[in-house]
Amino acid sequence: HASQSVTIIGLGPMGQAMAAAYLDRGYDVTLWNRTPSRADALVARGATLAPTAEQALSAAELVILSLTDFDAMYAILEPAKDAVAGRTLVNLSSDTPEKARAGARWVAELGGTHLTGGVLCPPPLIGTPDTSTFYSGPREAYDAHRATLEVITGKSDYRGDDQGLAALMYQLNMFIFWPAMVAYWQAVAVAGAHGIQAREIAPYVTENFAGMGHFIDFYASRVDAGNHAGDVDRASMGLASMEHVVHTASDAGVDTAFPAAVHDVFRRVVEAGHGADSFSWAVELLKKR
Ligand code: NDP
């Protein structure tokens, strides 16, 4: 084992789940959080709450940060700067690739090692085998701590030494996840306006999401080849269909801002003269600054 001790800074739902997973495996777990009471249940299970961030850093070579963003790291570690040297900081906080690179430089200047990470599962799945986390940063640090990090998610996906890459890969997933979930809330709202509950449509929504893999697979190689042929779908059909979606929402008295934004993308594709091409031409539209 590279390490049987681990420090976790940040006890939101994620940090708490990570701490619990390490306690389950018998690790010595040291915690620090701005709001100390969030450590109570974990301390009752044997974790140690450090009185200061500096003491939390000193307690273990491997320090996991699970914070809202990188600004929170500076807020917490600025007063504890002297204790960063010699530590490996695995930052699992979401932020932009640029913020991750700058954060990694800041840690390196203090004599520490930084690894960027992006966790791809919600708190209840932390500590389970079929979950994964992107990592990027120095390969040696990843190799040295891989086994310990795979307590958090059973799998890990090392993307290279550019500290921004794990953040980028994570953000690419978020481009899909958040809007997809808002699309779902939109469908639930429209269903609700018709007296249909979320539970009733859940199987159909699940099937819809499961079927997305077919579309990703089909369009990925076409888009990479610049092929937007309208042989299976036409953007003009997509525009008409999105119009029906917007009108179904407005007829139900439901907010239309979100589907209207999608409708606007389709409209611009058609107005650019690509109504007979696939709606995948939206990629070309979106690339333009
Ligand atoms: P939260 O935003 O709930 O956790 C926030 C943590 O950051 C808390 O410990 C909070 O302290 C601390 N914090 C925030 N701002 C500051 C600050 N200025 N100074 C000091 N501490 C601060 O996030 P989660 O636990 O849900 O997630 C952690 C990270 O993991 C996030 O970056 C999130 O994007 C990512 N993630 C979350 C998933 C989820 O489903 N929850 C899934 C995948 C990734 P305090 O307790 O005092 O408020």
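Remember, predicted model here, so these are calculated numbers, not experimental data. (Residues numbered from 1 in each chain as written. Predicted model: local features only at pLDDT ≥ 70, side-chain atom pairs only at ≥ 80, totals over all residues. Heavy atoms only, no water.)

Caption draft 1: Broad picture of the site of the ligand. Of all residues adjacent to the ligand, which total 23 residues, the nearest are Asn33, Thr35, Arg38, Thr68 and Ser94. Separating an oxygen atom of the ligand from a backbone N or O atom of Met14 is a distance of 3.0 Å. Interatomic distance of 2.5 Å between a side-chain N/O atom of Arg38 and an oxygen atom of the ligand. Protein burial of the ligand: of its 900 Å² of free accessible surface, 75% is covered by the chains. Elements represented by at least two residues in the shell around the ligand include exactly α1 (13-24) and α4 (70-77). (Near = heavy atom within 4 Å. Polar contact = N/O pair within 3.5 Å; in protein donor to acceptor, adjacent residues only side chain to side chain. Areas by Shrake-Rupley, 256 points an atom, 1.4 Å probe, with all protein chains shown as cover. Helix = DSSP H or I, 4+ residues; strand = E, 2+ residues; numbered from the N terminus.)

Caption draft 2: Spatial organisation of the pairing of strand β2 (residues 28-32). Of all the five residues making up β2, four are buried; the element is thus mostly covered by neighbouring parts of the structure. Note: strand β1 (residues 5-9) against β2, five bridges, orientation parallel. Directly across from Ile9, in β2, lies its bridge partner Trp32. In this view, the connection linking β1 to its parallel neighbour β2 by way of α1 has right-handed handedness. Sheet topology note: the β2/strand β3 (residues 48-49) ladder contains two bridges and is parallel. By the bridge assignment, Leu31 is partnered in β3 with Leu49. (Buried < 20%, exposed > 50% of the residue type's maximum accessible area, 1.4 Å probe, protein only. Pairing = 2+ DSSP bridges. Right-handed = clockwise from strand over helix to strand, strands pointing away.)

Caption draft 3: Seen up close, the pairing of strand β5 (residues 88-91). Side-chain alternation along β5 places Thr88 and Val90 on one buried face and Leu89 and Asn91 on a second face that is also buried. The sheet contact formed by strand β4 (residues 62-65) and β5 spans four bridges and is parallel. In the sheet register, Leu62 faces β5, and the bridge partner there is Thr88. Note that the unit made of β4, α4 and β5 has a crossover that is right-handed. For β5 and strand β6 (residues 113-119), the ladder comprises four bridges, and the chain directions are parallel. What sits directly across from Leu89, in β6, is His114. Of the crossover connections in this fold, the one passing from β5 over helix α5 (residues 97-109) to the parallel β6 is right-handed.

Caption draft 4: Just the sheet that holds β6, in detail. Taken together, eight strands build an open sheet; the order of strands is β3-β2-β1-β4-β5-β6-β7-β8 and the sheet is mixed. Because the sheet does not close on itself, it has two edges, and the strands there are β3 and β8 (155-158). Across the sheet, α1 touches β1, β2, β4 and β6, and the angle it forms with β1 is around 165 degrees. Contacts between α4 and the sheet are confined to β1, β2, β4, β5 and β6, with β5 contributing the most and set at about 145 degrees to the helix. (Contact = heavy atoms within 4.5 Å. Axes fitted to C-alpha atoms, helices over the stretch in contact; angles between N-to-C directions.)

Caption draft 5: The arrangement of the side chain of Thr7 in detail. Here Thr7 lies in strand β1. The class of Thr7 is buried, set by a relative accessible area of 0%. Setting aside its immediate chain neighbours within four residues, Thr7 contacts Thr30, Ala56, Ala59, Ala60, Leu62, Val63 and Ile64.

Caption draft 6: Representation of the packing of α5 against helix α7 (residues 163-193) within the structure. At their nearest, the axes of α5 and α7 sit 8 Å apart, and the two run at 150 degrees to each other. Considering their axes alone, α5 and α7 lie roughly antiparallel with respect to each other. Relative to α7, the crossing made by α5 is right-handed. On the side of α5, the interface is formed by Pro97, Ala100, Arg101 and Ala104, while α7 contributes Gln163, Gly164, Ala167 and Leu168. (Parallel < 35°, antiparallel > 145°, perpendicular 65-115°, else oblique. Left-handed = near helix turned anticlockwise from the far one by under 90°.)

Caption draft 7: Representation of the pattern of salt bridges in the model. Across all of its chains, the model carries 13 salt bridges by this definition. One salt bridge connects Arg101 with Glu98, and the closest N-O pair in it is separated by 2.8 Å. With a gap of three residues between them, Arg101 and Glu98 both fall in helix α5, about one helical turn apart. With relative accessibility at 24%, the residue Arg101 sits in the partly exposed group. (Salt bridge = Lys/Arg side-chain N within 4 Å of Asp/Glu carboxyl O.)

Everything listed here is a matter of geometry and, on its own, says nothing about what the molecule does.
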